[in-house]
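Spelled out, the chains give:
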Amino acid sequence: MVLHPCVFFLLDTRCKSSIKYTYETRRCDYQDQTRELTQAQGDCCLEARNSALRLRATYRCRIGTDSQAGKEVAMKRSHVIRLNTTPEQEVYFRKACGVARHAYNWALARWKEYRAQGKWAKMKDLKAEYTRIKGQQFPWCSEVTKCAPEQEFANLGQAFDNYWRMKKEGTLPKLKHPRKDGEEGGFPHFKSKKQDRLSFYLANDKFSVHGQTIRIPKLGAVNMTEALRFQGKIMSAVISYRAGWWFVSLSVEVKHEVPTHRGGTVGIDLGIKTLATLSDGRVFENQKHYRRGLGRIKGLSKGLSHKREGSQNWWKNTKKLAKAHYRVSCQRQDSLHKMTTHVARTHALIGLEDLNAKGMLANHSLAQAVSDASFFEVKRQLLYKAEQHGGYVQLVSQWYPSSKTCHECGWIKEDLTLADRVFICQQCAVVLDRDFNASLNIRDEALRLVTDVPVVASSECKFACGAGSSGSEMGETFCCEAGTKVV
Ligand SMILES: [Zn+2]
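Starting afresh in each chain, residues are numbered from 1 along the sequence in its written order. Restriction of local features to residues with pLDDT of at least 70 applies here, the model being predicted, together with a cutoff of 80 or more for giving and counting side-chain atom pairs; totals for whole chains, interfaces and linings are based on all residues.

Draft legend 1. Molecular detail of the overall build of the chain. Counting from the N terminus, the helices are the DSSP runs of H or I reaching at least four residues and the strands are the DSSP runs of E reaching at least two. From N to C terminus, the chain includes 13 helices and 14 strands. Buried, partly exposed and exposed are defined by the number of other C-beta atoms within 10 Å of a residue's own C-beta, namely 20 or more, between the two limits, and 12 or fewer respectively, with C-beta atoms placed from the backbone. Counting the 487 residues in the chain, one finds 30% classified as buried. The contact criterion used is a C-beta to C-beta distance within 7 Å, with each C-beta placed from the backbone. Taking the intrachain contacts of the chain between residues at least 6 apart in sequence as the baseline, contacts between residues at least 24 apart amount to 70%.

Draft legend 2. Looking closely at the nonpolar core. Defined on buried residues, the nonpolar core groups Ala, Val, Leu, Ile, Met, Phe, Trp, Tyr and Cys residues joined through C-beta atoms within 7 Å. Counting 36 residues, the largest nonpolar core has Ala96, Ala100, Ala107, Ala148, Ile239 and Val248 as the members making the most contacts within it. Within the residue set of this core, elements represented by two or more residues are helix 3 (87–116), helix 4 (123–137), helix 5 (147–169), strand 2 (199–203), strand 4 (213–216), strand 5 (220–224), strand 6 (233–242) and strand 7 (245–257). The leading source of residues in this core is helix 3, at eleven residues. Among all residues touching valine 248, those that are not within four sequence positions of it are Ile81, Leu83, Ile214, Met224, Ala237 and Ile239. Formed by 28 residues, the second largest nonpolar core is a distinct cluster that contains Phe284, Ala344, Leu383 and Ala438.

Draft legend 3. Just unusual backbone geometry, in detail. Backbone geometry at lysine 218 places phi at a positive 65°, although glycine is not the residue there. Within the secondary structure, lysine 218 is located in the loop between strand 4 and strand 5. The class of lysine 218 is partly exposed, set by 13 C-beta atoms lying within 10 Å. Of note, the phi angle at alanine 243 is positive, near 50°, even though the residue is not glycine. In this structure, alanine 243 sits in the loop between strand 6 and strand 7.

Draft legend 4. Representation of the sheet that holds strand 3 (residues 208–210) in the model. A pair of strands is treated as paired once DSSP finds two or more bridges between them. An order of 2-6-7-1-5-4-3 is seen for the seven strands of this open sheet, with the pairing classed as antiparallel. Every other strand in the sheet has two partners, leaving strand 2 and strand 3 as the edge strands with one partner each. The sheet shows a mean angle of 35° between the axes of neighbouring strands, direction not considered. Both strand 4 and strand 5 contribute to a ladder of four bridges, which runs antiparallel. Its bridge partner being in strand 5, isoleucine 216 is matched across the sheet by glycine 220. On top of the sheet, helix 3 reaches strand 2, strand 5, strand 6 and strand 7; it is set at about 90° to strand 2, its chief contact. Angular values range over 0 to 180 degrees, each being the angle between N-to-C directions of two axes fitted as lines to C-alpha atoms, with helices fitted over their stretch in contact.

Draft legend 5. Molecular detail of the environment of glutamine 388. Locating glutamine 388 in the fold gives a position in helix 10 (residues 375–389). Look at glutamine 388 and you get partly exposed, because 16 C-beta atoms sit within 10 Å.

Draft legend 6. Seen up close, the packing of helix 3 against helix 5. Between helix 3 and helix 5, the shortest axis-to-axis distance is 8 Å and the interhelical angle comes to 40°. Here helix 3 is positioned oblique relative to helix 5, judged by the angle of their axes. By crossing handedness, the relation of helix 3 to helix 5 is classed as right-handed. Contact with helix 3, carried on its side by Ala96, Val99, Ala100, Ala103, Tyr104, Ala107 and Leu108, involves Ala148, Pro149, Glu152, Phe153, Asn155 and Leu156 of helix 5 and no other residues of that element. By residue class, the composition of the contact of helix 3 with helix 5 is eleven nonpolar, one polar and one charged. The scheme is simple: roughly parallel for angles under 35 degrees, roughly antiparallel for over 145, roughly perpendicular for 65 to 115, oblique for anything else. Crossings are assigned a handedness: left-handed for a near helix turned anticlockwise from the far helix by less than a right angle, right-handed for a clockwise turn. Following the grouping adopted for this structure description, the nonpolar residues are Ala, Val, Leu, Ile, Met, Phe, Trp, Tyr, Cys and Pro, the charged ones are Asp, Glu, Lys and Arg, and the polar ones are all others, Gly among them.

Draft legend 7. Summary view of the sheet that holds strand 9 (residues 274–278). If you trace the five strands from one edge of the open sheet to the other, you get 10-9-8-11-12, paired in mixed fashion. Of all strands in the sheet, those with a lone pairing partner are strand 10 (283–285) and strand 12 (392–396), marking the two edges. On average, adjacent strands in this sheet sit at an angle of 20° to one another, irrespective of strand direction. Across three bridges, strand 8 (residues 264–270) lies against strand 9 in antiparallel orientation. Opposite isoleucine 268, over in strand 9, you have leucine 278 as the bridge partner. Contacts from helix 7 (residues 312–346) reach strand 8, strand 9, strand 10 and strand 11 (347–353) within the one sheet, and its direction differs from that of strand 11 by about 130°.

Draft legend 8. Structural view of helix 10. Spanning 15 residues, helix 10 covers 21 Å between terminal C-alpha atoms, matching the ideal 21 Å at 1.5 Å per step. Among the residues making up helix 10, those that are buried are Phe375, Val378, Lys379, Gln381, Leu382, Leu383, Tyr384, Ala386, Glu387 and His389. Immediately beyond the C-terminal end of helix 10, within one or two residues, lies glycine 390, with a positive phi of roughly 80°. To estimate the expected span of a helix, count its residues, drop one, and scale the result by 1.5 Å.

Here it is as structure tokens:
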């Protein structure tokens with residue numbers, strides 16, 4: 001499934017805010033919990049202690065979304081649906097994309113003109129100017145919906161905002177070669193017909209959806225391959241082209257009741273050898289879809305390089321290559337979604353390493369494998385799925401030595417290399433699978449981060465043993481919680 005970039009952004013900002021919220025509220029609740037725990041331990045009653053721990057664990061797990069638990073909240077979700085287009089509809093879509101691209105490029109060019117005169121143009125004024133002159137200068141604009149060009153001003157405004165923000169933060173991308181237009185990296189580009197993805201926007205009052213049809217202004221009904229899955233207010237639509245197909249991405253505001261999650265805690269170690277290793281022992285293999293599809297992709301890329309750019313055969317080949325890439329991307333999305341859904345459903349508190357994928361991509365020998373495993377996508381999916389299921393994702397810093405630390409005794413193996421698949425502790429002689437050891441450490445670190453509560457029972461053996469003897473899965477979690485290292 002393909003998600004529109006704006007959805008990324010929405011999900012991302014919301015998750016960030018919920019994490020922030022956690023840190024603020026945590027302190028108040030934490031005192032109550034500690035009191036409860038101390039009381040239970042003072043009575044030396046195992047049952048009471050366990051139930052207090054259980055309370056605390058469920059409480060902790062829901063921390064991020066707790067104020068919303070059981071309540072209805074509005075959630076923005078998007079559904080990407082493939083369209084069954086007729087040739088006439090395809091022509092209309094291409095025209096609309098062309099108009100949108102033209103408006104974007106016109107606005108950017110005009111902005112640069114103003115800059116040359118020493119003035120700073122506002123998007124609002126540029127949009128007004130465009131609306132004023134389009135009837136005379138660009139009469140073909142009126143053949144398609146007026147949403148297509150209008151939204152491009154907002155898009156360009158966003159592009160400029162991103163540029164200014166990055167400039168302020170000093171995070172502008174570094175360029176290997178200077179740009180032809182002499183701008184800095186990160187400055188908005190002119191959109192190209194060949195390179196940029198074709199897409200245009202529709203505002204919610206300009207189209208309607210009934211069953212498997214969508215009505216588009218100045219075009220009429222277009223058939224969708226499936227009906228919209230979400231119930232709620234439709235906010236907007238973006239029609240885009242990918243690998244020979246047209247898609248509509250419908251953004252819907254759904255009412256969502258946040259459930260109370262009853263699951264336990266899990267740590268996830270993401271890797272290249274295996275996609276994910278969970279601390280409950282489950283392993284998701286890395287299916288390396290890109291590696292498998294690489295033969296066809298290589299062949300097609302080679303064919304493309306032998307053809308004259310822009311010729312009929314070149315376009316045909318481009319289409320085939322795009323389809324090969326799209327196929328790989330669909331396969332990858334499928335396996336990632338299956339993994340993240342399983343994790344979000346079964347576990348309330350998810351410990352996840354906050355990997356720096358960009359830094360890892362810089363290592364050339366790993367780059368292909370890392371981008372094939374798509375760590376960023378795993379994180380994005382887990383963040384929104386956990387929120388849906390009432391769980392919480394605790395990110396563990398990338399500098400936390402999860403693989404190097406022995407889970408049993410905390411000894412750190414400094415000279416660990418990627419080739420060491422088995423972790424052998426030189427202090428307590430424990431032998432563990434490398435990824436499994438890391439996932440256990442990530443789970444404990446996540447528990448520590450989410451609570452910050454000094455675990456009272458760690459020195460008292462009878463609690464730890466007692467909890468373990470109950471034999472239940474919950475009991476084991478508590479036992480490990482009790483053993484959590486406190487820094
Ligand atoms: Zn050890």
